[in-house]
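Residues per chain, in single letters:
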Amino acid sequence: MTLQERTKKVRREALRLGFDACGFARARRLEDEERRLEEWLSQDRHGTMHWMENHFDKRVDPTKLVPGSKTVVSVLGSYYHPDHKEQMQQDGVARISKYAQGRDYHKVFKKKLKQLFRFTEDLLGGLEGRFFVDSAPVLDKAWAQRAGLGWIGKNSNLLNPGLGSFFFIGEMIVDAEFTYSNLQTDHCGTCTRCIDACPTAAIYEPYRVDASKCISYFTIELREQIPEAYRQQIGEWMYGCDICQDVCPWNRKAKFGQLEDLHPRAWVVDKDIDYWKELAPEQYDALFEGSAVRRAKFEKFKKNAAIVARNLGENDGMIK
Ligand code: SF4
Ligand code: SF4
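Rules and cut-offs
Residues numbered from 1 in each chain as written. Chains lettered and ligands numbered in written order. Predicted model: local features only at pLDDT ≥ 70, side-chain atom pairs only at ≥ 80, totals over all residues. Heavy atoms only, no water. Helix = DSSP H or I, 4+ residues; strand = E, 2+ residues; numbered from the N terminus. Buried < 20%, exposed > 50% of the residue type's maximum accessible area, 1.4 Å probe, protein only. Salt bridge = Lys/Arg side-chain N within 4 Å of Asp/Glu carboxyl O. Near = heavy atom within 4 Å. Nonpolar A, V, L, I, M, F, W, Y, C, P; charged D, E, K, R; others polar. Core = buried A, V, L, I, M, F, W, Y, C linked by side-chain atoms within 4.5 Å. Contact = heavy atoms within 4.5 Å. Pairing = 2+ DSSP bridges. Axes fitted to C-alpha atoms, helices over the stretch in contact; angles between N-to-C directions. Parallel < 35°, antiparallel > 145°, perpendicular 65-115°, else oblique. Left-handed = near helix turned anticlockwise from the far one by under 90°.

### So, unusual backbone geometry
Non-glycine residue H55 carries a positive phi angle of around 55°. Locating H55 in the fold gives a position in the loop between α2 (31-42) and α3 (56-60). Overall, the relative accessible area of 48% leaves H55 in the partly exposed class.

Structure follows, in structure tokens:
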């Protein structure tokens, strides 16, 4: 079997499993990203996410993370759904980021990547490597870009011409060779919509996001109180923030995803702020079973809801 044939077969299997795109890049040290990551960390753009400083060498070099690896196979799985279009038209509602409205993507991707790994192993008569979804120090957007699956936009998300940016990225880092994809060109052009729309000015220059000022960080990662100065800017966002993606013209014409598990769960998206601000721990557990929202613990989620209630003009004095 030629390299072209094996590449075609693995890509076809990835699409059959429900992924929306699959690309191949040669595993090697990411020198540009290494410089940028070093600078970004030294400027404390990662806030209190100190775990991002760990495993620096493995993060910028997949051959250190998976010794003997030759290829990074990247896959994309869109979570974009027609209901999201409707949600974007609504004003004055409490919001949960689109990616977190369905089943936890880690679970969904892990299962599918395992199947893709086994398929490749059988096809080649043996395969060494590992697969990941947000679960190891891997610069997944950089690898997906190198695998020809899109370009990194000014909002620092990977943009794919057909899929926009509402997708998850997973990868297999393996010891087999494939034919490698061509890089896509940057199609952001003169657009600055994401930069202009960001409420906290977290996109401090094109292609650079200060995570420590991002609403996603405030509402998910930050264990301390959200600083008073940022509470109003959080607006309607109880968990995550999609603003810099919602305004992106490439998302306006994006295709919808096919992985049903990632579709928005009706029992999550049909609630209003009155419900969220009265939420009890057992309701939180039941509603968000198997959901990425559990990354923010109940107390945190509840405090976020109180901030959003205040921003929506329903101050009940719950913010402590
Ligand atoms: S996710 Fe929200 S806060 Fe973060 S950079 Fe984008 S628009 Fe700004
Ligand atoms: S909004 Fe414009 S500048 Fe920002 S990522 Fe999309 S195309 Fe690029």
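### Things to note about the pattern of salt bridges
Scanning all chains against the criterion turns up 22 salt bridges. Close ionic contact of R95 with E236 constitutes a salt bridge, the shortest N to O distance being 2.7 Å. Placement of R95 in strand β3 (residues 95-96) and of E236 in the loop between α10 (228-231) and β10 (237-239) is noted, with a sequence separation of 141 residues between them. Residue R95 is classed as buried on the basis of its relative accessible area, which comes to 13%. Overlapping salt bridges bring together R29, E34, D57, D61 and K64 as one network.

### Details of the site of ligand 2
Around ligand 2, the neighbouring residues are K154, N155, L159, C188, C191, R193, C194, C248, P249 and W250. At the level of secondary structure, the elements contributing two or more residues to the shell around ligand 2 comprise α8 (193-197) and α12 (249-252). Of the residues in the shell around ligand 2, the class split is 7 nonpolar, 1 polar and 2 charged.

### What about the nonpolar core?
Counting residues in hydrophobic clusters, the biggest one holds 88 residues, and the most contacted among them are L76, I96, M238, Y239, W276, F288 and F301. Among all residues touching L76, those that are not within four sequence positions of it are F19, D20, A21, F109, A144, L149, L158, N160, L163, F167, F168 and I169.

### Let's talk about the sheet that holds strand β7 (residues 167-174)
Think of a sheet as strands paired side by side through backbone hydrogen bonds, with each pair either parallel or antiparallel. On the basis of which strands lie adjacent, the open sheet formed by 4 strands has the order β1-β2-β7-β4 and antiparallel pairing. Each edge of the open sheet carries a strand with a single partner, namely β1 (21-26) and β4 (129-132). With strand direction ignored, the average angle separating the axes of adjacent strands in the sheet is 15°. Here β1 runs beside strand β2 (residues 71-78); their pairing, made up of 6 bridges, is antiparallel. Paired with C22 across the two strands is V75, which belongs to β2. Docked against the sheet, helix α1 (residues 3-16) engages β1 and β2, running at close to 140° with respect to β1. Together, β2, β4 and β7 form the strand contacts of helix α6 (residues 105-124), whose direction differs from that of β7 by roughly 35°.

### Observations regarding the site of ligand 1
Neighbouring residues of ligand 1: C198, P199, T200, A202, I203, C214, I215, C241, I243 and C244. Taken together, the residues of the shell around ligand 1 break down into 9 nonpolar, 1 polar and no charged.

### A few points about the packing of α1 against α6
Between α1 and α6, the shortest axis-to-axis distance is 10 Å and the interhelical angle comes to 155°. The angle between α1 and α6 places the two elements in the roughly antiparallel class. Read as a crossing pair, α1 and α6 show a hand that is right-handed. Together, R6, K9, V10, E13 and A14 of α1 and L116, F119, T120, L123 and L124 of α6 make up the contact between the two elements.

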